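As a plain string of letters, each chain reads:
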Amino acid sequence: MLAFLGAVICIIASVPLAASPARALPGGTDNASAAGAPGPQRSLSALHGAGGSAGPSALPGEPAASVFPPPPGPLLSRFLCTPLAAACPSGAEQGDAAGERAELLLLQSTAEQLRQTALQQEARIRADRDTIRELTGKLGRCESGLPRGLQDAGPRRDTMADGAWDSPALLLELEDAVRALRDRIERIEQQELPARGNLSSAPAPAVPTTLHSKMDELEGQLLAKVLALEKERAALSHGSHQQRQEVEKELNALQGRVAELEHGSSAYSPPDAFKVSIPIRNNYMYARVRKALPELYAFTACMWLRSRSGGSGQGTPFSYSVPGQANEIVLLEAGPEPMELLINDKVAQLPLSLKDSNWHHICIAWTTRDGLWSAYQDGELRGSGENLAAWHPIKPHGILILGQEQDTLGGRFDATQAFVGDIAQFNLWDHALTPAQVLGMANCTGPLMGNVLPWEDKLVEAFGGAKKATFDVCKGKAKA
């Protein structure tokens, strides 16, 4: 900018001097043609003045020391114009001009952005005005539903014409309108509440009360019917159980009658006065009980035993197998091992001994509850335990064999596990006998017959050379 102003001043100053004829050089030459041979030296002195190197310095107002003093008129014109013309194309001044042009472009772009922003604001203001007009119309329609006293309070104000949208007067008017609407709603609710109260407090018709009473009556009848049905079912169950027992008794009686017809009347008197003898160890001598056992949750098996094995293992006094389980109940002594009780293949060792070849009274009691067991010999408790096939019921419809151990249902005997000796008074109960009952049978003071399986001639059949013989156990024990 400064360079531009300097150029303008230079042009203005040079125009009058060039137009004046009194200041023109002789011959009409310009600044360039008036310079002779020594002209450069004088022009340098005029250009550089006191700082030049062509001659000694002269103070202002004094005559120059040079022999060629510069003419006063033309030198002033050259002093003003020539250095300015030479200084204009400098690089610094060109850089300043470029920066100014860039600044001018920046200002123009900023002005354009401001103009666009102003246009956007104007459009937004117009949209806000349209929205305000729309809201004002809605407010007018809302006021049409207000009470007439509020409508007549004065003319509706035009927010665009009367003042700003958030003026205090308009806010107060809106608050009054809202308050009036709220009061009107409350009055309507108060008018409806008494009607609801009247409906709720009015005496209910007799139909619901009668309906409730009938429902209660029906519920009572239904409950009584259910109780009656349960009683009938219990009675039927009890009756069916009794009938089943009676049927079993009749079947047992018929079976006994058939056995009597087949084998004649019992050869022993009383019917339990006999024994089964197995003289040698083999896999084909045994006795079979012809009565099927029911499902048992407890049992007591008692018998009289006399072993003739000679101390090499007492074998198997009895075994009971069912379909799918050959070792449902087994009393076994194999080799030097102690006597064992097997129930569902679970084993308990019994502290019993039969190696003296004498008669001994043996009782084994067991219950499925916790698998409790007890072992008696000659009326004395020799051992007891628990967790022997706990909670396992003895399955029904199996085969009971005396003298052999079954590997399959009713067969596949092993001679090494056979019993050698005599068996008498084998009885089976469906509960555990008391120690007093066991002792009474052992000392022959309280004989008992098994309620599940009694020792009777007609129920025991000998096979393979095993023999049945008359024997009174108490007299035989005394003689032995």
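Remember, predicted model here, so these are calculated numbers, not experimental data.

Rules of the game
Residues numbered from 1 in each chain as written. Predicted model: local features only at pLDDT ≥ 70, side-chain atom pairs only at ≥ 80, totals over all residues. Heavy atoms only, no water. Pairing = 2+ DSSP bridges. Helix = DSSP H or I, 4+ residues; strand = E, 2+ residues; numbered from the N terminus. Axes fitted to C-alpha atoms, helices over the stretch in contact; angles between N-to-C directions. Contact = heavy atoms within 4.5 Å. Salt bridge = Lys/Arg side-chain N within 4 Å of Asp/Glu carboxyl O. Buried < 20%, exposed > 50% of the residue type's maximum accessible area, 1.4 Å probe, protein only. Disulfide = S-S within 2.5 Å.

For sheets, the rule is that strands pair by backbone hydrogen bonds, running either parallel or antiparallel. Taken together, seven strands build an open sheet; the order of strands is β10-β9-β8-β3-β12-β1-β14 and the sheet is antiparallel. Either end of the sheet is taken by a strand with one partner, and the two such strands are β10 (380-385) and β14 (467-470). Sheet twist, expressed as the average angle between the axes of neighbouring strands with direction ignored, equals 25°. The strands touched by helix α9 (residues 435-442) are β3 (298-307), β8 (360-367), β9 (372-377) and β12 (421-429); relative to β8, the strand with the most contacts, the crossing angle is about 155°.

Let us now look at the pattern of salt bridges. Tallied over the entire structure, the rule returns eight salt bridges. Among the salt bridges present, the one from R133 reaches D130, with a minimum N-O distance of 3.4 Å. Here R133 pairs with D130, and both are found in helix α4 (residues 91-143), just three residues apart, close to one helical turn. Between R290 and E461 there is a salt bridge, and its shortest N-O distance comes to 3.9 Å. Taken together, the positions of R290 in the loop between β2 (286-289) and β3 and E461 in strand β13 (residues 460-463) put the pair 171 residues apart, joining distant regions of the chain. Of the residues examined, E461 reaches a relative accessible area of 27% and is grouped as partly exposed. One network of salt bridges, with partners in common, ties together R306, R308 and D422.

If you walk through the whole model with that rule in mind, you get one disulfide. Between C302 and C363 runs a disulfide, and the two sulfur atoms are separated by 2.0 Å. The S-S bond linking C302 to C363 shows a torsion near 115°; that makes this disulfide right-handed. Of this pair, C302 sits in strand β3 while C363 sits in strand β8, and the two are 61 residues apart along the sequence. Each member of the pair C302 and C363 is classed as buried.

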